[in-house]
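A look at the structure
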Amino acid sequence: MNESTTALEGLPVMSREELLKVALENGGYSTPSLNDTLYLHYKGYRRIENLDKYDGLKSLWLHSNGFERIENLDHLKELRCLFLQRNAFSSIENLQNLDSLVQLDISENNIRVVEGLDHLPNLTTLNLSKNVLEDAASIQHLVECKNLSAVDLSHNKLAGRDVVACIAGIEKLTSLNMSGNPVCSKVAYFRKKMIVANKSLRYLDRPIFDNERATAEEWARAGPGAEQELKAKLLAKKQDKERNAMQEFRQWQESVRTTTVNNNTEVEDAVVLRDTMEALITAVEVKSLLLKTDTVVNEEKQVVEVELAESKTVEKEKENVEPQDDFVAQKVKSLSLYLNSKGQRKTLEELLVDSSKVPAVVLPPDALSFDVVSSDDDEEETDSMSTSS
């Protein structure tokens, strides 16, 4: 990335071109007054400047650079969040005109004394961790910040009993981080003293619950013995509450089980009713099918009876015809023998047509033909027939 640099030091500076470029890179606008957020962290700048046209800013990120002085921010009347951590500031200055400022992070610098914040009426969150604050005097200015509710003073060098009293003067303080300071380990019962001294405090490196506040106040009022008695009572009360809750849960569980059993019984009854209805429907369907089957069987039986009657009729007709056929056959045989005796050769069809005594019968084309056979026996038989005639 091409950065504008000073002629002497060769370091990047906050020029107007540089600010425009950074704004566009982070989704901002080319018109400075339209930007409400400006990300200028991790750039290596040494001086805060050229922000006069960015008067619409509500959030300004200037952390992790090389700034040594807070300056040129007076015109940012709408600024609500200012991030100045990880720079080289040794004092807090030039912030008195930031009336809208709500959150200020000036951690990880070289701040030795807190100052210049009493003119910020809306300041509620302040991060001063990892600086070089040493005693109550270095943080006394916080008492003048009437709306402060969350303060981080962790990992400084705060020590002395008067630190507790100093912090207790912050009227609306609800959240405080003090871990990493000598006062936490060197002042006896520091946590209890802080809880008792700050009535609105709800967080001190970890949440402060109602029972802890009650025992701390009892400790301050009547000593450790009264504190232990109150702890035992609170513990018994808690156990009773849990026992009652468990009993209510079991009663509820039993009622759910009873309801479930009743529901299961109703379901079973419904299943039985459903099965009964299905069985009835099946029986009706089977009966209807049987009736249809009987009708079909009767119809088939009638058809069979008709066919049997017809077959019997045909057989009777055949029986009436067969004697006539035998008579015709005898006549044909007689005529054939007669013609053979005369030495004539004719087919059965010709014999039947020529004969006036035998009715005409249509025979197949391949009917057998009879040849005239000359033999002595036949002649004798013929002679005897002719004689008898």
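Residues numbered from 1 in each chain as written. Predicted model: local features only at pLDDT ≥ 70, side-chain atom pairs only at ≥ 80, totals over all residues. Heavy atoms only, no water.

With that settled, consider the overall build of the protein chain. On a plain count of helices and strands, the protein chain comes out with 9 helices and 10 strands. Burial statistics for the protein chain: of 389 residues in total, 28% are counted as buried. Just so you have it, the protein chain exposes about 24,900 Å², and 53% of that area is on carbon and sulfur atoms. (Helix = DSSP H or I, 4+ residues; strand = E, 2+ residues; numbered from the N terminus. Buried < 20%, exposed > 50% of the residue type's maximum accessible area, 1.4 Å probe, protein only. Areas by Shrake-Rupley, 256 points an atom, 1.4 Å probe, with all protein chains shown as cover.)

Once that is clear, we can look at the packing of aromatic side chains. With the rule as written, the count across this model stands at 4 aromatic pairs. An angle of 20 degrees between the planes, with centres 4.1 Å apart, marks the rings of tryptophan 61 and phenylalanine 83 as stacked. In this pair, tryptophan 61 sits in strand 2 (residues 59-61) while phenylalanine 83 sits in strand 3 (residues 81-83), placing the two residues 22 residues apart along the sequence. Between the aromatic rings of tyrosine 189 and tryptophan 219, the centroid separation amounts to 5.0 Å while the plane-to-plane angle is 45 degrees, which identifies the pairing as tilted. Of this pair, tyrosine 189 sits in the loop between helix 4 (183-186) and helix 5 (190-197) while tryptophan 219 sits in helix 6 (residues 210-222); the two residues are 30 residues apart in sequence, bridging distant segments of the chain. An aromatic cluster is present here, built from Tyr39, Trp61 and Phe83 joined pairwise through their rings. (Phe/Tyr/Trp six-rings, centres within 6.5 Å; stacked < 30°, edge-to-face > 60°.)

It is worth spelling out the confidence of the model for the protein chain at this point. Regions with low pLDDT carry predicted coordinates that are not meant to be interpreted in detail. On average, the protein chain scores 82 in pLDDT, and the residues at 70 or more come to 79%. When the criterion is pLDDT under 50, residues 378-382 qualifies, and its contacts beyond four places in sequence or with other chains add up to 2 contacts. (pLDDT = per-residue confidence, 0-100. Contact = heavy atoms within 4.5 Å.)

Those residues of helix 5 lying buried are Phe190, Arg191, Met194 and Ile195. Along the axis of helix 5, the buried positions cluster into a sector of 130 degrees, meaning they face one direction only. Looking at the buried side of helix 5, the elements it contacts are helix 3 (162-168), strand 7 (175-177), helix 4, strand 8 (203-204) and helix 6. (Arc of directions from axis to C-beta.)

Hydrogen bonds between backbone groups are what pair the strands of a sheet, and the pairing can be parallel or antiparallel. The sheet built from 8 strands is open, its strands ordered 1-2-3-4-5-6-7-8 with parallel pairing. Each end of this open sheet is capped by a strand with a single partner; those strands are strand 1 (37-39) and strand 8. Pairing of strand 2 with strand 3 involves 3 bridges; the strand directions are parallel. Each bridged residue has a counterpart across the sheet, and for leucine 60 the counterpart in strand 3 is leucine 82. (Pairing = 2+ DSSP bridges.)

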